[in-house]
Amino acid sequence: MNKLTAIIGSRRTWAWPYVLFLVLFVVLPLLLIVIYAFTDPQGHFTLKNFLQFFQTSEAVNTFIYSLAIALLTTIICLLLGYPAAYIMATAELKTPAVMAMLFILPMWINFLLRTIATVELFNMFSIPLGEGALLYGMCYDFLPFMIYPVYNTLQKMDRSLIEAAHDLGANGREVFQKVILPLSMPGIYSGIIMVFMPTVSTFAIAELLTRNKITLFGSLIQRAFGEGGLQMWNYGAALSLIMLVIIGLTSFFGNNDEAADQKGGLL
Amino acid sequence: MQKNNYIIEVNNVSKQFEDGKFALDNVSLSVEKGEFVTILGPSGCGKTTLLRCIAGFQVATSGDILLKGEDITQTPPHKRPVNTVFQKYALFPHLNVFDNVAFGLKLKKIDKDTIVKRVKQALKTVGMTDYEYRDVDSLSGGQQQRVAIARAIVNQPEVLLLDEPLAALDLKMRKDMQLELKEMHKKLGITFIYVTHDQEEALTLSDRVVVMNEGKIQQIGTPTDIYNEPVNCFVADFIGESNILSGTMIRDRRVAFCDKEFDCIDEGFGENTPVDVVIRPEDIYIWESKSKRDSQASIEAQQEDYDPDDRIPKGKFTKWYGTVQSSIFKGVHYEMTILTDNGYEFMVQDYHEFTPGTTVGMLVKPEDIQVMHKEHHIYNLFEGEVLKNGKVRFLDAEWEVKEEQLAPFAAGDRVEVQVPFHEVDLQDHEEEGAISGEVHFILYKGNHYHLTIRTDEGHDLYVYTEDVWDKGDRVGIQIAPESIRLVKGE
């Protein structure tokens with residue numbers, strides 16, 4: 001009896017369902033992707049899937065194009081989001097919380113619905129869909145993910161640091177350059193990762209906002225699995241693996257920075 | 001050009017916040033070059049606001065601030081040759097010790113070798129050599145404080161402003177740092193303006209102390225002046241322990257309090273003037289008395305009172321008697337409360353203990369009696385207006401008044417309303433009063449309390465009471481019609 005209560009009371013016991021969940025839905029699928037990526041439909045080891053990707057110029061171009069779009073989206077979000085976060089965190093607004101709320105509010109609605117609404121908006125004003133629309137849609141969808149972590153770090157920043165910098169002879173620009181910006185880096189890193197990661201793999205937004213005219217890397221993967229039939233799964237798995245590596249590299253670049261663990265943003 | 005030796009002059013500076021409250025109310029202060037001036041006061045007294053106005057983080061609403069005779073009232077902080085040591089250090093967490101200290105010098109585009117030399121020198125001054133490349137987060141509170149001081153003095157400012165720099169340190173550390181700061185001040189020759197709420201710190205460190213309360217300067221003087229000759233009850237009460245009593249100045253060098261007359265050394269108060277009297281607890285001589293009652297007849301007998309160590313001054317001093325109520329050992333001395341037969345309470349500090357219940361005699365030397373002008377009369381003064389319904393409006397409420405008071409006035413007349421301090425009735429439950437307020441300030445006057453009540457509308461009301469209240473208590477305020485006197489207003 002005592003043994004039973006000890007087992008139930010142990011924190012270790014309660015961790016088991018989660019371990020099981022992680023194994024079933026994270027580790028196992030990842031393993032499957034790796035196995036599929038390195039085998040042919042018959043199950044023999046091969047590097048053919050990767051070779052196929054690197055030899056298909058269309059696939060490589062799509063890959064580079066997707067990276068470029070994701071990078072551009074991230075930069076635009078940073079340029080738009082940082083000032084917004086800065087104003088919210090520093091200006092003596094009567095209701096900064098309401099402002100932050102309004103920026104977050106669109107996230108309450110599913111992003112597919114928002115994207116479809118964006119398409120309708122473009123149609124209403126007869127603006128042609130395409131690359132511009134795609135960038136617009138991506139920035140619209142992911143801007144809050146940039147604003148929020150930056151706002152968080154800026155808001156937590158000790159006001160007296162800014163005063164100290166002024167006191168030591170720094171003018172407004174120098175205070176920003178030497179104190180505010182370096183101290184908001186953790187938030188910026190979090191924001192970059194949170195915008196870049198989903199944009200590099202998105203496909204639904206691209207399909208809706210360009211009427212399938214522009215294919216992103218996410219779409220390639222989706223097509224390999226959805227339309228290509230069983231024999232294309234291995235190719236799809238290889239593409240997924242390539243993307244995983246890219247995303248892994250970005251988050252590595254973020255977490256590796258010393259500043260990130262000092263005053264952490266959202267991640 | 002410069003006519004005087006003042007490095008900082010604050011002339012009639014007021015600072016009003018958006019909510020209309022004055023943080024500084026017509027403050028004037030001059031600081032000499034090389035001086036160590038401490039601004040002392042309870043929290044919210046405006047001392048930090050004054051410092052921030054000098055640093056440039058806040059701009060005075062009116063008045064001006066001069067540095068070496070030059071108006072800097074509107075100069076932004078980065079253009080002022082003053083540096084601040086912040087209460088919570090405000091070290092840059094993304095820079096190491098060296099870069100923190102070098103921050104100001106790098107902005108001035110000084111060459112690298114000079115920077116290195118000066119940073120090392122500053123770190124040496126604060127005893128932090130060999131810490132150059134440490135992360136500031138890895139330093140203890142005291143070490144961070146030292147770095148913060150080094151970061152300020154490395155710029156060789158004209159004035160160093162210190163905003164409660166030691167408040168976050170523990171007692172032992174604080175004492176050590178106090179001495180070091182004083183040493184540093186001597187060595188550097190920079191003018192220090194130091195803000196603190198710790199009266200002991202202020203007395204220990206400063207050449208001059210500026211005592212502030214409610215946005216106003218109460219007294220400026222050397223630590224000894226402030227301690228021995230406080231100008232009003234606030235200063236006396238805030239600096240050290242004190243017995244504050246209401247008394248009457250009978251004539252020059254003669255004052256009455258506690259129903260007795262004493263010789264003192266104060267002059268120029270006029271005859272029969274109500275005054276406040278301050279006696280420090282350590283200035284009262286105390287001995288065990290054999291005579292049970294305090295009568296004039298026993299004056300001769302007092303000479304034979306128990307005094308084995310011969311420590312009671314001999315002479316024609318007025319003595320008074322009481323019974324020890326409590327005695328607490330405070331390390332060096334005992335702190336005893338003594339109640340006299342006529343109901344006055346005295347706090348006395350002595351190296352000898354007198355156990356509760358002992359009848360003791362007390363005396364104080366004339367030079368240890370500090371006489372101060374009473375800040376207020378014995379009644380509250382309000383502006384009021386006679387209303388049509390036979391009531392009088394003051395303190396934002398309507399009050400019933402006796403017929404005979406009202407008789408000379410017509411509706412609409414402006415009147416001056418007088419309410420004696422001891423006739424204001426305070427109620428435990430705020431809804432039982434005609435208006436409500438909060439106990440804002442308490443002063444014990446030996447046998448009664450002198451309270452300042454701040455009403456919800458922001459008026460101050462003075463009350464004498466024997467009841468015990470705590471600061472911050474909510475009270476209802478009631479004034480009986482017979483307690484209200486009306487005088488013709490302007």
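Residues numbered from 1 in each chain as written. Chains lettered and ligands numbered in written order. Predicted model: local features only at pLDDT ≥ 70, side-chain atom pairs only at ≥ 80, totals over all residues.

(A) Quick peek at the overall build of chain A. Within chain A, the secondary structure is distributed over 13 helices and zero strands. The helix and strand sequence of chain A, counted from the amino end, reads α-α-α-α-α-α-α-α-α-α-α-α-α. Its C-alpha atoms give chain A principal-axis dimensions of roughly 75 × 70 × 35 Å. Relative to its 267 residues, chain A shows a buried fraction of 34%. Within chain A, contacts between residues at least 6 apart in sequence are counted, and of these 77% link residues at least 24 apart. (Helix = DSSP H or I, 4+ residues; strand = E, 2+ residues; numbered from the N terminus. Buried ≥ 20, exposed ≤ 12 C-beta atoms within 10 Å, placed from the backbone. Contact = placed C-beta atoms within 7 Å.)

(B) Expanded view of the overall build of chain B. Broken down by element type, chain B carries 10 helices and 30 strands. Oriented by its inertia axes, the alpha-carbon framework of chain B measures out at about 80 × 70 × 45 Å. Buried residues in chain B amount to 38% of all 490 residues. Relative to all contacts within chain B whose residues are 6 or more apart in sequence, the contacts with residues 24 or more apart total 66%.

(C) Representation of the sheet that holds strand E4 (residues 62-67) of chain B. Residues and elements named next belong to chain B. Taken in spatial order, the four strands line up as E2-E1-E4-E5 in an open sheet, and their pairing is antiparallel. With one partner strand each, in any of the chains shown, strand E2 (22-32) and strand E5 (70-71) form the two edges of the open sheet. Sheet topology note: the strand E1 (residues 6-16)/E2 ladder contains seven bridges and is antiparallel. If you follow Ile-8 over to E2, its bridge partner there is Val-31. (Pairing = 2+ DSSP bridges.)

(D) Representation of the pairing of strand E3 (residues 36-40) of chain B. Residues and elements named next belong to chain B. Counting buried positions along E3 yields five of five residues, so the element is predominantly enclosed. Residue alternation in E3 divides its side chains into two sets, Phe-36, Thr-38 and Leu-40 and Val-37 and Ile-39, and both sets are buried. Bridge count between E3 and strand E9 (residues 208-213): four bridges; the pairing is parallel. Bridging across to E9, Ile-39 finds its partner in Val-210.

(E) Just the nonpolar core, in detail. One finds B:Ile54, B:Ala150 and B:Ile193 to be the most contacted residues of the largest nonpolar core, which totals 116 residues. The element that contributes the greatest number of residues to this core is helix H4 (residues 141-153) of chain B, accounting for six residues. When residues are assigned to domains, this core turns out to be shared by domain 1 (6-228) and domain 2 (241-373) of chain B, each giving three or more. The contact partners of B:Ile54, leaving out residues within four places of it in the chain, are B:Ile8, B:Ile65, B:Val82, B:Leu161 and B:Ile193. Counting residues in each nonpolar core, the second largest holds 47 residues, with A:Tyr36, A:Tyr82, A:Ile188 and A:Ala224 among its members. (Core = buried A, V, L, I, M, F, W, Y, C linked by C-beta atoms within 7 Å. Domains from an automatic or database assignment.)

(F) Expanded view of the domain arrangement of chain B. Parsing chain B into structural domains produces domain 1 (6-228), domain 2 (241-373) and domain 3 (379-488). Taking only C-alpha atoms into account, the centre of domain 1 of chain B sits 42 Å from that of domain 2 of chain B.

(G) Representation of the confidence of the model for chain B in the model. All names here are of chain B. Scored by pLDDT, chain B comes out at a mean of 88, with 95% of its residues at no less than 70. Predicted confidence is poor over residues 294-301, with pLDDT under 50, and the contacts of this stretch with residues over four places away or in other chains come to five contacts. For this predicted complex, the interface score ipTM comes out at 0.75, while the overall pTM is 0.77. (pLDDT = per-residue confidence, 0-100.)

(H) Layout of the interface of chain B and chain A. Listed by partner, the interface residues are 17 residues for chain B and 17 residues for chain A. The set of elements that each furnish at least two residues to the side of chain B that touches chain A consists of strand E6 (82-85) and helix H2 (97-107) of chain B. Broken down by element, the side of chain B that touches chain A gets its largest block of residues, three residues, from H2(B).

(I) Main features of the environment of B:Met212. Residue position: B:Met212 is located in strand E9. Put simply, B:Met212 and B:Ser138 are 74 residues apart on the chain and 37 Å apart in space, counted from C-alpha to C-alpha.

(J) Just the confidence of the model for chain A, in detail. Across chain A, pLDDT averages 85, with 93% of residues at or above 70. Throughout residues 257-267 of chain A the model reports pLDDT below 50, and contacts reaching past four residues in sequence, or to other chains, amount to 31 contacts.

(K) Quick peek at unusual backbone geometry. Backbone geometry places A:Ser126, a non-glycine residue, at a positive phi of 45°. When you line up the elements, A:Ser126 lands in the loop between helix H6 (111-124) and helix H7 (131-156). Residues other than glycine seldom take positive phi values, yet B:Glu164 does so here, at roughly 40°. With respect to the element layout, B:Glu164 can be found in the loop between strand E7 (159-163) and helix H5 (171-188).

(L) View of the sheet that holds strand E25 (residues 424-427) of chain B. Residues and elements named next belong to chain B. Taken in spatial order, the five strands of this open sheet run E25-E29-E26-E27-E28, and their pairing is antiparallel. Edge positions in the sheet fall to E25 and strand E28 (460-465), since each has one partner strand and no second. Neighbour to neighbour, the strand axes of the sheet diverge by 45° on average, direction disregarded. Across four bridges, strand E26 (residues 435-444) lies against strand E29 (residues 474-479) in antiparallel orientation. Paired with Ser-436 across the two strands is Gly-476, which belongs to E29. (Axes fitted to C-alpha atoms, helices over the stretch in contact; angles between N-to-C directions.)

(M) Layout of the environment of A:Thr250. Residue and element names in this part refer to chain A. Mapped onto the fold, Thr-250 is located in helix H12 (residues 233-255). Residue Thr-250 is classed as partly exposed on the basis of its 17 C-beta neighbours within 10 Å. Taking the C-alpha atoms as reference, Thr-250 lies 29 Å from Phe-45; in sequence the two are 205 residues apart. Those residues in contact with Thr-250 that lie beyond four places of it in its chain are Ile-193, Phe-196 and Met-197.

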